Amino acid sequence: MSDTITESPTDWKSAAMRKRVKSRYRKERIFKSFGLVALLIAGFFLVSLIGKIVIDGSGGFFQTSIEIDVPFQADILGDPQEMALGDFEKKVRSTNMMRLIQAAMALHFPEVKNRRDRRQLMRMMSTGAREQLRTMILDDPAIVGTVKRVSLLASDDIDQVIKGNIDINLPETSRKVKDKEVAWLNKFQSEGRVSVNFHTLFFTNGDSREPELAGIWGATMGSLLTLVVTLFTAFPIGVLTALYLEEFAPRNRFTDFIEVNINNLAAVPSIVFGLLGLALFLGVMGLPRSAPLVGGLTLALMTLPTIIIAARASIKAVPPSIRDAARGMGASQMQVVFHHVLPLAMPGILTGTIIGMAQALGETAPLLMIGMVAFIVDIPSGVTDAATALPVQIFLWSDSPERAFVEKTSAAIMVLLSFLITMNAIAIWLRQKFERQW
Amino acid sequence: MTNSAIFVTITILALAAFAFGRQRSLTIASGNIARLHSLPRHHGYFAASCAMIPALAIFTIWTIFGKDILEGLMIAGLPEEMAAQYREQAALVLNRIRLVVENSTTNEQDINIISAANHFKELYRYGIWASFTLSIASGLIGLLVALNKTQPDFRARNHFEKILSIILIASSTIAIIATLGIVLSLLFESLRFFNEVSIIDFVFGTKWSPQTALRADQVGSSGAFGAVPLFAGTLLISFLAMLIAGPIGLFSAIYLTQYASRPVRKFGKPLLEILAGVPTVVYGFFAALTIAPLFRDTGDLLGLAISSESALAAGFVMGIMIIPFVSSLSDDAITAVPRSLKDGSLALGATKSETIIKVIIPAALPGIVGAFLLAISRAVGETMIVVMAAGMQPNLTANPFEAVTTVTVQIVALLTGDQEFDSAKTLSAFALGLALFITTMLLNFVALRLVRKYREAYE
């Protein structure tokens, strides 16, 4: 051994080695922290996404009302004592209720004489206030002739001021609500007439151009009808396909080809399914545009791979001993499958189906292709009625220029997300409850 | 008479057939089931399918082809002047007639069109009654045949099972039919498009402005269908998305598989899965209303001109969306690496990170590449985020601060709103769809190949 070498290369205590080890451990720590940071960033994205929606959206469930003293004048509405009830109702239906609100506003602000100001005053109330008044009178004709304090919907701009989404400290020219309106609003507020209430119309109305009247019921019904069609096509076809491939099919070119096609379908972008729906269901078959029937069929093709793959996994998990026992009792292959394998595989199949349905519920792009983006006020009642779906409604509202639609959109997203969470929770519950170790 | 009424009648017929078949077998066996080869309910099933299948077949043919046949008949019966007009502008005339048929309150003036519409309505009435009668009659004949066959030694169960197995095979071919339908419909419409616009111009042209002229003498609306700006925009946004999703997804997968304790893993995996479960329209809303203004304002502060519909915002949010695709597939690839490789490396004194970088990732590389390719194919086909957050201007640029447009955005823009099936503008959407379909298919094919090949190597 030579004296010139004072340290051997594997001397763990040498300074160079210590330094090297130290730097290696530092690299280790850095690498590990990269991983953690990546995960944290992903978590941060999720939290900020959901947080932003919840912060924006929670206001959408509430709406500002203003209580005004409405004189239900008999000379505008007609006197129910002097007329037949039918005539009275006819008259009320044809009367412009704006005049009542005008009269009420004149009571509150006698100083406003200018025509333009008066019109501006009227714009503080929602156009839906007229309908509110009308139903009130039709419900109780005795109200005519009295002056009653009535809580009516405020317009969306006023609502945004109350919620603080329109900053009244900005210069007057750069905001939609002018100083005069703010002054009037302040007067109402000082009299305790302004209130923010839970907005049930949001859940019961169809779409509307007015944010304070727009609701999600029409879109929810549209989504529901679409999903029903999807379920009734994709579920049987998916389950039967899975049964065939797992239990009956011989391994040959044909079944391989089927499997290739299922995998392909799973990878096709959703918008291409929309093109298929447009060309096939609307073009060739001539089914009605904008109908949940077409939307449902298109989404069924899209969810089919999900259901088939889940069903196959679940059927595969049923142990062969079950089949052998059934065969031993003399059951035919059909009886083995439909009496024994299928019921045992059902919880897994249902889990997969629910997850597939949740995907279909959140899907937008293919529905745009087949015309489910129209502005539809009516609530659809059948699968061939023109309808829109919840995610499409979100898309439509997000395009609206009104400030108030931002919170409506976020609120609709919250509703959509809660549906999705519920469906996934049911799927998880099913899996945990019925999962069996054989 | 409506289609749904026919359907309901067929259903009732099938239920009745079940009851009849079952009852008949019982009567023949005079109550002693032991004399029957098959159980009474099998006779019922057999009778029901014998009644339902021909009836449903006729009904399906009617719903798919009925209208076309009737329209052909109606056109054959057009008066001479109308027929001449039809030969010139087939689609226009047909549309006007259809409009009157569907909506009797239109302000259509042409008496010929109205009479043609009435003629069609009359034909339709005949047609629907004919199909009703035919389908129910064929159902009844099927039922009679089935009842006639019901004998004690008739193997009803075997026959029914044969029918059932045919149904099974038929439903498993739906996947093939759907793929075929996609390919054919895209191809067919695209070919019509390429008749008008040369395929070279489409694939290599750099100018995209799909407005076709309404009149021949109109200026400045000749329509240019060069798709290169769209492909470039799609690539740019997908690239930006992968810049976000690639590292974050891969590092999360590494952390979750190699470092995280069980509770962290149990918490982290679902967290990423939630990200995958959020509907894309929600991401689009987030991109358009939160991220895009945020980027624009940041750009203003830094003196950068970031467009409010920048590729950056769309790509960023799309990156968030595809994190879970990258992470879960990489996760699978990493966990599939045999433990012996990892243990060998650790035993030689390598640190965990050295093991990961030098052993595990190289071993899992094909799977990870596959995961990236699948994520790219997701990004290329993604629609709602770009529709809501990316622009409409076909910009040929690599600058992420500018607005670009993508293939999917243009498909949506071309096909929403009023449209007619014959214009090059509408048809070009199908050509774009075809390009999209081929791209994603190729990406998936390669990705799945990679994943499978390397999985086999370790099994």
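Residues numbered from 1 in each chain as written. Chains lettered and ligands numbered in written order. Predicted model: local features only at pLDDT ≥ 70, side-chain atom pairs only at ≥ 80, totals over all residues.

Trainee: It is not clear to me how the overall build of chain B should be interpreted in this structure. Could you clarify?
Mentor: The helix and strand tally for chain B stands at 17 helices and two strands. The C-alpha extent of chain B, read off along each of the three principal axes, is 85 × 75 × 35 Å. Of the contacts formed within chain B by residues at least 6 apart in sequence, a portion of 74% connects residues at least 24 apart. (Helix = DSSP H or I, 4+ residues; strand = E, 2+ residues; numbered from the N terminus. Contact = placed C-beta atoms within 7 Å.)

Trainee: Just to check I follow, could you spell out the overall build of chain A for this structure?
Mentor: Helices and strands together make up the secondary structure of chain A, namely 18 helices and three strands. Taking 22 Å as the expected radius of gyration for a compact globule of 438 residues, we find that chain A reaches 32 Å, considerably beyond that expectation. Along the first, second and third principal axes, the C-alpha atoms of chain A reach 110 × 85 × 40 Å. The burial tally for chain A puts 44% of its 438 residues in the buried class. Within chain A, contacts between residues separated by at least 24 positions form 76% of all contacts whose residues are at least 6 apart in sequence. (Rg over C-alpha atoms; globule rule 2.2 N^0.38 Å. Buried ≥ 20, exposed ≤ 12 C-beta atoms within 10 Å, placed from the backbone.)

Trainee: Would you mind going over the domain arrangement of chain A with me for this structure?
Mentor: Accessible area lost when the parts come together is the quantity often used to give the size of an interface. Entries for chain A in the domain assignment read domain 1 (64–197) and domain 2 (217–434). Inter-centroid distance (C-alpha atoms) of domain 1 of chain A to domain 2 of chain A is 47 Å. (Domains from an automatic or database assignment.)

Trainee: Please explain the sheet that holds strand E1 (residues 62–71) of chain A as it appears in this structure.
Mentor: Either a parallel or an antiparallel arrangement is found when strands of a sheet pair, and the pairing is made through backbone hydrogen bonds. Residue and element names in this part refer to chain A. As summarised here, the arrangement of the three strands in space is E2-E1-E3, forming an open sheet in which the pairing is antiparallel. Pairing within the sheet leaves two strands with one partner each, and these edge strands are strand E2 (147–153) and strand E3 (194–198). Taken pair by pair, the neighbouring strands of this sheet meet at an average axis angle of 35°, ignoring direction. Two elements, E1 and E3, share five bridges in a ladder whose sense is antiparallel. Directly across from Phe-62, in E3, lies its bridge partner Phe-198. (Pairing = 2+ DSSP bridges. Axes fitted to C-alpha atoms, helices over the stretch in contact; angles between N-to-C directions.)

Trainee: Would you mind showing me how to read the interface of chain B and chain A here?
Mentor: Between chain B and chain A, the contact holds 67 residues from the first and 65 residues from the second. The element contributing the most residues to the side of chain B that touches chain A is helix H7 (residues 174–196) of chain B, with 10 residues. Of the residues assigned to the side of chain B that touches chain A, the class counts are 42 nonpolar, 21 polar and four charged. (Nonpolar A, V, L, I, M, F, W, Y, C, P; charged D, E, K, R; others polar.)

Trainee: What is the right way to look at the domain arrangement of chain B in this model?
Mentor: As far as domains go, chain B holds domain 1 (3–153) and domain 2 (224–458). The C-alpha-based centres of domain 1 of chain B and domain 2 of chain B are spaced at 48 Å.

Trainee: Looking at this structure, how should I read the nonpolar core?
Mentor: Nonpolar side chains tend toward joint burial in soluble globular proteins. Counting 191 residues, the largest nonpolar core has Ala287(B), Ala314(B), Val317(B), Ala375(B), Ile385(B) and Ala389(B) as the members making the most contacts within it. Residue contacts for Ala375(B): discarding those within four places in its chain leaves Met242(B), Ala245(B), Ile322(B), Phe325(B) and Val326(B). Core analysis: the second largest hydrophobic core is formed by 29 residues, Ile68(A), Val70(A), Leu100(A) and Met125(A) among them. (Core = buried A, V, L, I, M, F, W, Y, C linked by C-beta atoms within 7 Å.)

Trainee: I tried to follow the confidence of the model for chain B on my own but got confused; where do I start?
Mentor: Residues and elements named next belong to chain B. In this model, chain B carries a mean pLDDT of 83, and residues with pLDDT of at least 70 account for 93%. Within chain B, the lowest mean pLDDT, 71, falls on helix H3 (residues 80–88), and the highest, 91, falls on helix H13 (residues 339–347). This complex was scored by the predictor with a pTM of 0.85 and an ipTM of 0.87. (pLDDT = per-residue confidence, 0-100.)

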